[in-house]
Amino acid sequence: MKGITSDELYKLMDILSINEIGALIAGASPSDVYYNYEYPDYGDEYRINRNSNMPDNVDEVFSIIIKVLKRAIIAGELKAQIVANTNEQTLYLDDLKKDWVACGKIDTERTTITRDDIKDWLEARGVYPSAFFPNGRKDDYMNPNHACYSPDLALCVKAWEVAQTAHYDNKTIKQFMTEWIKANAHTYKWKNSPKKPNEPMSHKKAEELASVANWHTKGGAVKGNPNLKEPTPPKYIPTPIYDELKINLPKKSPINSDNDVPF
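Basis of the calculations
Residues numbered from 1 in each chain as written. Predicted model: local features only at pLDDT ≥ 70, side-chain atom pairs only at ≥ 80, totals over all residues. Heavy atoms only, no water. Axes fitted to C-alpha atoms, helices over the stretch in contact; angles between N-to-C directions. Helix = DSSP H or I, 4+ residues; strand = E, 2+ residues; numbered from the N terminus. Parallel < 35°, antiparallel > 145°, perpendicular 65-115°, else oblique. Left-handed = near helix turned anticlockwise from the far one by under 90°. Contact = heavy atoms within 4.5 Å. Buried < 20%, exposed > 50% of the residue type's maximum accessible area, 1.4 Å probe, protein only. Arc of directions from axis to C-beta. Core = buried A, V, L, I, M, F, W, Y, C linked by side-chain atoms within 4.5 Å. pLDDT = per-residue confidence, 0-100. Polar contact = N/O pair within 3.5 Å; in protein donor to acceptor, adjacent residues only side chain to side chain. Phe/Tyr/Trp six-rings, centres within 6.5 Å; stacked < 30°, edge-to-face > 60°. Lys NZ or Arg CZ within 6 Å of the ring centre and 35° of its normal. Patch = residues over 30% accessible without salt bridge, like charges linked within 9 Å, V, L, I, M, F, W, Y side chains within 5 Å. Areas by Shrake-Rupley, 256 points an atom, 1.4 Å probe, with all protein chains shown as cover. Salt bridge = Lys/Arg side-chain N within 4 Å of Asp/Glu carboxyl O.

Attention now moves to the packing of helix H6 (residues 173-184) against helix H7 (residues 203-213). For the pair H6 and H7, the least separation of the axes is 8 Å and the interaxial angle reads 125°. As the angle between them shows, H6 and H7 are arranged oblique. The way H6 lies across H7 gives a crossing that is right-handed. Along the contact surface, H6 presents Lys174, Met177, Thr178, Ile181 and Lys182, while H7 presents His203, Ala206, Glu207, Leu209, Ala210, Ser211 and Ala213.

Here it is in structure tokens:
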């Protein structure tokens, strides 16, 4: 009888320790984490028991992630149920207006973070490790190799983006999008049908997709692109004019020759 797989097991864990999170992000199993009795230096108490199936940089990533998570917790950027070793207390200050706080060394084995909190923290930084985002990042809908890729969706999104900076040449925005979608359909792996994969997209189909992306529902031809605001020219600042300094010098020097010198 086949038991539950490791991937399935860790999907059931809604609360994970810092070590478990570090291992999963690094591409290892939490069961591969071991206490480093030989060199239990600060920040390096735990290590990964490597095997050939792990990424080459698993040790480096694990070590860095542990440090980053601890700093984020101390800074208040990441929610956690903190467990600290009080035999080595450290004072820290996260705001000059607040009091100093005594906190022991964070125990990465017993300090825990919820799955939702770590996902929110990772997503806010644009990092999507497969252990927490098995379907990839949110914008993978533009990736044609994704298992859930939709050419229609990708064309709508891209047409909307292109239309933000395009010049419409006295067309409606919907007309512009329709032409763009029809011209670029195959670039986004759009196919009419398995039997006719090379058949061009019909105008009707392109117009349907353009209707989805079109925000200018009132219609009407557009000149240029109203979304692109012309840069405001700088206000004219007159160059300061300084009065010319005039010195009234005598036309003839009072001293005409060396003989007139009084010494």
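Here the narrative resumes.
With that settled, consider helix H4 (residues 115-124). Inspection of H4 places Arg115, Ile118, Trp121 and Leu122 among the buried residues, and these make up the whole buried set. Down the axis of H4, the buried set is contained in an arc of 135°. They therefore lie on one face. Residues of H4 that are exposed and angled more than 90 degrees away from the buried face: Asp116 and Ala124. Backbone geometry just downstream of H4 places glycine 126 in the positive-phi region, at approximately 70°.

Now for the nonpolar core. Most often, soluble globular proteins keep nonpolar side chains buried together rather than apart. Ile21, Ile48, Phe62, Leu69, Leu78, Ile118 and Phe132 are the most contacted members of the largest nonpolar core, which has 27 residues in total. Contributing elements (two or more residues each) for this core: helix H2 (18-26), strand S3 (46-48), helix H3 (58-74) and H4. Ranked by residues supplied to this core, first place goes to H3 with 7 residues. Beyond its immediate stretch of four places on either side in the chain, phenylalanine 62 contacts Asn19, Gly22, Ala23, Ala26, Val33, Tyr46, Arg47 and Ile48. Core analysis: the next-biggest nonpolar cluster, separate from the first, contains 22 residues, Ala163, Ile173, Trp180 and Ala185 among them.

We now examine the confidence of the model for the protein chain. Mean pLDDT over the protein chain stands at 80; residues scoring 70 or higher make up 75%. Confidence scores differ between elements of the protein chain, with strand S4 (residues 84-92) showing the lowest mean pLDDT of 68 and H7 the highest of 95. Every residue in residues 241-245 is under pLDDT 50, and counting partners more than four places away or in other chains gives 0 contacts.

With that settled, consider the side chain of aspartate 107. When you line up the elements, aspartate 107 lands in the loop between strand S5 (101-106) and strand S6 (112-114). Here arginine 110 takes part through its side chain, which lies 2.7 Å from a polar atom of the side chain of aspartate 107. Those residues in contact with aspartate 107 that sit more than four places away from it in its chain are Tyr46, Val83, Ala84 and Asn85.

This part takes up the packing of aromatic side chains. As enumerated under the stated definition, the model contains 4 aromatic pairs in all. Residues tyrosine 35 and tyrosine 46 carry aromatic rings whose centres are separated by 5.3 Å and whose planes lie at 75° to one another, so their mutual orientation is edge-to-face. Highlighted residues: tyrosine 35 in strand S2 (residues 33-35) and tyrosine 46 in strand S3, separated in sequence by 11 residues. The class of tyrosine 35 is partly exposed, set by a relative accessible area of 32%. Classification of tyrosine 46 by relative accessible area gives buried; the value is 19%. Centroid distance tyrosine 128 to phenylalanine 133: 5.0 Å. Interplanar angle 70°. Geometry classified as edge-to-face. Looking at tyrosine 128, the relative accessible area reads 22%, which means it is partly exposed. When the ring centre of phenylalanine 133 is taken as reference, the NZ or CZ atom of lysine 119 above it lies at 5.4 Å.

What follows concerns H2. Extensive coverage of H2 is indicated by the burial of 8 of its 9 residues. Ile18, Asn19, Ile21, Gly22, Ala23, Leu24, Ile25 and Ala26 are the residues of H2 that are buried. Of the residues trailing H2, glycine 27 is marked for its positive phi of about 95°.

With a phi close to 60°, lysine 189 is a non-glycine residue in the positive phi region. Summarising the element assignment, lysine 189 is placed in the loop between H6 and H7.

A surface patch of nonpolar side chains, amounting to about 300 Å² of accessible area, comprises Ile4, Leu9 and Leu12. The residue isoleucine 4 is located in the segment before helix H1 (6-11) in this model.

We now examine the pattern of salt bridges. Scanning the model with the defined rule gives 8 salt bridges in all. Between lysine 205 and aspartate 152 there is a salt bridge, with the nearest N and O atoms lying 3.0 Å from each other. Of this pair, lysine 205 sits in helix H7 while aspartate 152 sits in helix H5 (residues 151-163); the two residues are 53 residues apart in sequence, bridging distant segments of the chain. Lysine 205 sits in the partly exposed class, given a relative accessible area of 23%. Residue aspartate 152 is classed as partly exposed on the basis of its relative accessible area, which comes to 24%. Among the salt bridges present, the one from glutamate 179 reaches lysine 171, with a minimum N-O distance of 2.7 Å. Overall, lysine 171 belongs to the partly exposed group, its relative accessible area being 24%.

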